[in-house]
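Fold and contact review
This is what each chain is made of:
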Amino acid sequence: METRGSAAGRSMARAARAVWAYVRRAPGTFVWLAILFVTTLIIRHVAPAAADRILERRSTNIHYLEKSPVRVLITSALWISGSGWFSYLVLYNIFHVPAERWLGTLRWLCVAAIAHVGATYISEGVLYWSIQHGYAPEQARYTLDYGVSYALAGVEAVLTYRIAKPWRYVYAAGVVLFYGLDLIRSRDFTSVGHFSAALIGFACYPLTRGRGEPWDPAEALRAGRRTFSKWPHRQAAGKQ
């Protein structure tokens, strides 16, 4: 006779296998999340002054882009604000996971890197221009600028090509509207970076070629309805 403990153990084992199967289909995303989890814990458990020093050394501001660009472009994408990891856990599963599964790890990483690097240079270039023309103080070249949001914006935009027409146009309009309104409202170098990253993501269309048929939300909804409509009948048949 099966005991309650053995049944629970098998259920936990099945759940663990399901989680592992989910994770290994997007390894790059979850390695990145693991690194962000560790660095977030570091920031949360050091003194505020030490946290500022850590983030300042990994900031893609004008000063460090001139001094050690490769180092800061890489390390800046490994740190986020101390309380934001769970938000990014959700966002990475919504956007990065399907993008990596669709494009493959290498192409997905290329999109994220191109958006991160390109938007960083565009936004810092705008800030540099503002400093040179007196619209921003000289001290602004040392402004903290780190995080993963530019890469995320680029991946959000490239997912446009994963969606079948005409729904892709609705999705693309939503991306443009979201980052465009922020640019109009904020008018700072960070909002310039986010909007630029989205445009770069759209421009990564060549990386999406040959990646299978686009996903049709309407067909997925119809399939879900068919499955749902059959479910009560199956349950009733099983009880007879």
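I will try to describe carefully the structure that is included in this document. As the structure is a prediction and not an experimental result, all values here were calculated from the model.

**Brief notes about the overall build of the protein**
Each helix and strand counted, the protein has eleven helices and zero strands in total. Helices and strands in the protein line up, N terminus first, as α-α-α-α-α-α-α-α-α-α-α. Counting over 240 residues, the protein shows a buried share of 38%. Long-range pairs, those at least 24 residues apart, make up 77% of the contacts in the protein between residues at least 6 apart in sequence. In the form shown here, the protein has an accessible surface area of approximately 14,200 Å², with 66% of it arising from carbon and sulfur atoms.

**Quick notes on a nonpolar patch on the surface**
On the surface, Phe37, Val38, Leu41 and Ile42 cluster together into a nonpolar patch covering about 300 Å² of accessible area. Among the structural elements, Phe37 can be located in helix H2 (residues 27-44). Overall, Phe37 belongs to the partly exposed group, its relative accessible area being 36%.

**Looking at the side chain of Ser68**
For Ser68, the location among the structural elements is in the loop between helix H4 (62-67) and helix H5 (69-75). The exposure class of Ser68 is buried, given its relative accessible area of 19%.

**So, the pattern of salt bridges**
Two side chains bearing opposite charge may form a pair once their charged atoms approach each other closely. Considering all chains together, one arrives at three salt bridges under this definition. With a closest N to O distance of 2.6 Å, Glu138 and Arg141 form a salt bridge. Given a relative accessible area of 46%, Glu138 falls into the partly exposed group. Where Arg185 meets Asp182, a salt bridge forms, and the shortest distance between an N and an O atom there is 3.3 Å. Pair noted here: Arg185 and Asp182 are both in helix H9 (residues 167-186), with a separation of three residues, about one helical turn. Several salt bridges converge on common partners, so that one network encompasses Glu66, Glu138 and Arg141.

**Let's talk about helix H7 (residues 105-132)**
In this model, H7 (28 residues) spans 40 Å end to end at C-alpha, consistent with the 40 Å of a helix rising 1.5 Å per residue. All of the buried residues in H7 are Trp108, Val111, Ala112, Ala115, His116, Ala119, Thr120, Ser123, Glu124, Leu127, Ser130 and Ile131. On its buried face, H7 sits against H2, H4, H5, helix H6 (85-103), helix H8 (149-158) and helix H10 (189-203). Of the residues trailing H7, Gly134 is marked for its positive phi of about 80°.

Rules of the game
Residues numbered from 1 in each chain as written. Predicted model: local features only at pLDDT ≥ 70, side-chain atom pairs only at ≥ 80, totals over all residues. Heavy atoms only, no water. Helix = DSSP H or I, 4+ residues; strand = E, 2+ residues; numbered from the N terminus. Buried < 20%, exposed > 50% of the residue type's maximum accessible area, 1.4 Å probe, protein only. Contact = heavy atoms within 4.5 Å. Areas by Shrake-Rupley, 256 points an atom, 1.4 Å probe, with all protein chains shown as cover. Patch = residues over 30% accessible without salt bridge, like charges linked within 9 Å, V, L, I, M, F, W, Y side chains within 5 Å. Salt bridge = Lys/Arg side-chain N within 4 Å of Asp/Glu carboxyl O. Expected span 1.5 Å × (residues − 1).

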